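Given next are the chains, with one letter for each unit.
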Amino acid sequence: MSQRISHSLLDPVLTLPMKRWYPWLPLPRQLPPEAIVLTGHALAIMAAVGFAFSTQYWWGGLLIALGVAGNHIADVFDGTHARATGQCRNGGELLDHFFDPLSFAYWLAGLAVSCHQLEMGIAAVICLFATAVLTNIKAKMIGQFTLNSFGPTEFKSLLVLYGGAMAWLATGSAPVAWLTAERVATGFLAILLAVGVVQLVVGLVLSVREVNRQGAPPDTSEWITTRDDGV
């Protein structure tokens, strides 16, 4: 398996202290860690619903904050529980990494729905999955799964703050009339898309250099076909 390295700015102050709570959690030892993964994904879906309705109803922002925070908490404790109970399985790790980009895609889609910006939403989801593919291919080639300084923890923290802000704006409490929830959602999506595209381009260039420098010797073998027609 790839070595996992995090350069996250917030993990030392949020994620690592949170892991120390594990011994006090009422989690049965026989509980499969996959159940925690699925619970986190269900919370991500709840947050996506919140995103979709966040510009219309105050409770949409509340669902965002609760769902994203709950998803992160589950993401912290699924691996901790697996290691503490001797239930580490490749299938569980596969599910964890499979659901992470899906959760982010739900949130971006819900955000696009909330501000009626389908085109930006599609572009943001494409950028998200391109980044996920790049990260996983690089991890396979150099044996390191690396998280940037602004990684999942930072992104989720930003979304929790956004959810709180939207819950406040949706009540009509904005200090100026033009600061509507829909305008804030549109601007937020535009910023996420711009940052994501820049991060993807820079990451692609740096990743190509990194795999050329640190990767294993290039694979020069031919494909093995399971059917040979003699051609």
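Refer to the structure printed above.
From a predicted model like this one, the values you see are computed outputs, not experimental measurements. (Residues numbered from 1 in each chain as written. Predicted model: local features only at pLDDT ≥ 70, side-chain atom pairs only at ≥ 80, totals over all residues. Heavy atoms only, no water.)

Caption draft 1: Structural view of the overall build of the protein chain. For the protein chain, the count of helices and strands is seven helices and two strands. The secondary structure elements of the protein chain, listed N-terminal to C-terminal, are β-α-α-α-α-α-β-α-α. Expressed along its principal axes, the backbone C-alpha trace of the protein chain runs to roughly 70 × 45 × 40 Å. For the protein chain, the residues scored as buried account for 37% of the 231 residues in total. Excluding contacts between residues fewer than 6 apart, the proportion of contacts in the protein chain whose partners are at least 24 apart in sequence is 81%. When the accessible surface of the protein chain is split by element, carbon and sulfur atoms take 68% of a total near 13700 Å². Placing the 13 positive and 15 negative side-chain charges of the protein chain at their respective mean positions leaves the two points 8 Å apart. (Helix = DSSP H or I, 4+ residues; strand = E, 2+ residues; numbered from the N terminus. Buried < 20%, exposed > 50% of the residue type's maximum accessible area, 1.4 Å probe, protein only. Contact = heavy atoms within 4.5 Å. Areas by Shrake-Rupley, 256 points an atom, 1.4 Å probe, with all protein chains shown as cover. Lys, Arg positive; Asp, Glu negative; His and termini not counted. Charge placed at Lys NZ, Arg CZ, Asp CG, Glu CD.)

Caption draft 2: Examining the side chain of Ser207 more closely. Note that Ser207 resides in helix H7 (residues 181-214). Polar side-chain contacts of Ser207 include one of 2.6 Å to the backbone oxygen of Gly203. With near-sequence residues (within four places) excluded, Ser207 lies in contact with Leu134 and Lys138. (Polar contact = N/O pair within 3.5 Å; in protein donor to acceptor, adjacent residues only side chain to side chain.)

Caption draft 3: Expanded view of the pattern of salt bridges. Counted according to the given criterion, the structure contains three salt bridges. Residues Arg89 and Glu34 are paired through a salt bridge, measuring 2.8 Å at the closest nitrogen-oxygen approach. Of this pair, Arg89 sits in the loop between helix H3 (58-84) and helix H4 (90-115) while Glu34 sits in helix H2 (residues 33-53), and the two are 55 residues apart along the sequence. What makes Arg89 partly exposed here is its relative accessible area of 41%. Across the pair Glu210 and Lys138 runs a salt bridge, and its minimum N-O distance is 3.4 Å. Taken together, the positions of Glu210 in helix H7 and Lys138 in helix H5 (residues 118-142) put the pair 72 residues apart, joining distant regions of the chain. (Salt bridge = Lys/Arg side-chain N within 4 Å of Asp/Glu carboxyl O.)

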